[in-house]
Structures are given as C-alpha cells and as structure tokens.
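# Observations on the model geometry
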Amino acid sequence: MPSYTWRKANLACKIAIDNSEKDQLLQGRDVLRQRKTTKESLAESASNITESLMSISRMMSQQVQQSEETVQTLANSSRTILEANEEFKSMSGTIQLGRKLITKYNRRELTDKLLIFLALALFLATVLYILKKRLFPFL
C-alpha cells in the first residue's frame with residue numbers, strides 16, 4: 001500500500017504542478033496580452049504623435065506663407081511710400097519755387113506802383129508848371 005499512497009501523492013503533486021504551470025501560463029497570456037496591448041497603445045500613441053507633428057508642420061508652413069505674404073505687402077507699401085516721398089520732395093521744390101516767384105512779383109508790383117505814382121506826380125508837376133507859365137507868365 002505504501003506504493004499506492006506514494007503513487008497517489010506523486011499523482012497529487014503532478015496535478016498540483018500541472019495546475020501551477022497552467023496558472024502560470026494563463027497569467028503569461030495576460031502578460032502577453034498586456035504586452036500586446038502595450039505595443040498597440042505605443043503604436044497608436046506614436047501614430048497620434050506623428051499626426052500631431054504633421055499638423056504642427058502644416059501650421060508652421062501656413063504661418064511661413066502668411067509671413068512671406070506680409071513681407072511682400074510691407075515691401076510694396078515701402079515702395080509706395082518711397083515713391084510718394086520722392087513726389088512730395090519734387091512738389092516741395094516746386095512749391096518753394098512758386099513762393100519765391102510770388103514774392104518777387106509782389107516786390108515788382110510794389111515797385112511798379114511806386115514808379116507809376118512818381119511818373120503821375122512828375123506829369124502833374126509838368127502840367128502845373130506849363131499852366132503856370134502860360135496862364136501866369138508874370139509869376
């Protein structure tokens with residue numbers, strides 16, 4: 001009978017070892033599933049990060065394009081302002097020349113009025129002198 005108990009104990013140990021291995025294998029499946037799930041989540045997060053980076057790259061590209069358009073607009077505005085400044089300078093020169101001419105004509109007008117007044121006075125003096133000599137020769 002000892003061999004029967006020995007055999008029974010051996011069989012019980014074998015069953016216990018099999019159950020233990022079975023439990024370890026089942027836990028191993030969970031670990032494998034967790035690893036697989038972890039790999040899938042890592043792949044998914046890597047994919048999400050890649051998409052985010054691509055989105056950021058597109059947004060940066062749009063910003064660069066907008067900046068280029070802004071720089072082009074600023075260059076056009078600067079060119080227009082420089083042209084307006086040159087035109088203003090030429091107009092300023094023309095205005096100063098006009099101011100000088102007006103001042104010169106005003107002086108000439110004053111001189112002409114003075115000369116006309118003096119000529120009229122001389123004429124009247126001459127007429128009075130002639131009348132005096134003709135009408136009043138004794139004076």
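Residues numbered from 1 in each chain as written. Predicted model: local features only at pLDDT ≥ 70, side-chain atom pairs only at ≥ 80, totals over all residues. Heavy atoms only, no water.

### Focus: the overall build of the protein
What the protein contains, in helices and strands, is one helix and zero strands. Considering the protein as a whole, with its 139 residues, one finds that 0% of them fall into the buried category. Here the protein has roughly 13400 Å² of accessible surface; of this, 64% comes from carbon and sulfur atoms. (Helix = DSSP H or I, 4+ residues; strand = E, 2+ residues; numbered from the N terminus. Buried < 20%, exposed > 50% of the residue type's maximum accessible area, 1.4 Å probe, protein only. Areas by Shrake-Rupley, 256 points an atom, 1.4 Å probe, with all protein chains shown as cover.)

### Focus on the pattern of salt bridges
Here the structure, examined in full by the defined rule, presents one salt bridge. Among the ionic pairs, Glu-109 bridges to Lys-113, the shortest N-O distance being 3.6 Å. Here Glu-109 pairs with Lys-113, and both are found in helix 1 (residues 2–135), just four residues apart, close to one helical turn. (Salt bridge = Lys/Arg side-chain N within 4 Å of Asp/Glu carboxyl O.)

### Here we look at a nonpolar patch on the surface
A surface patch of nonpolar side chains, about 940 Å² in accessible area, is lined by Leu-120, Phe-123, Leu-124, Val-127, Leu-128, Leu-131, Leu-135, Phe-136 and Phe-138. As for its position among the elements, Leu-128 is in helix 1. (Patch = residues over 30% accessible without salt bridge, like charges linked within 9 Å, V, L, I, M, F, W, Y side chains within 5 Å.)

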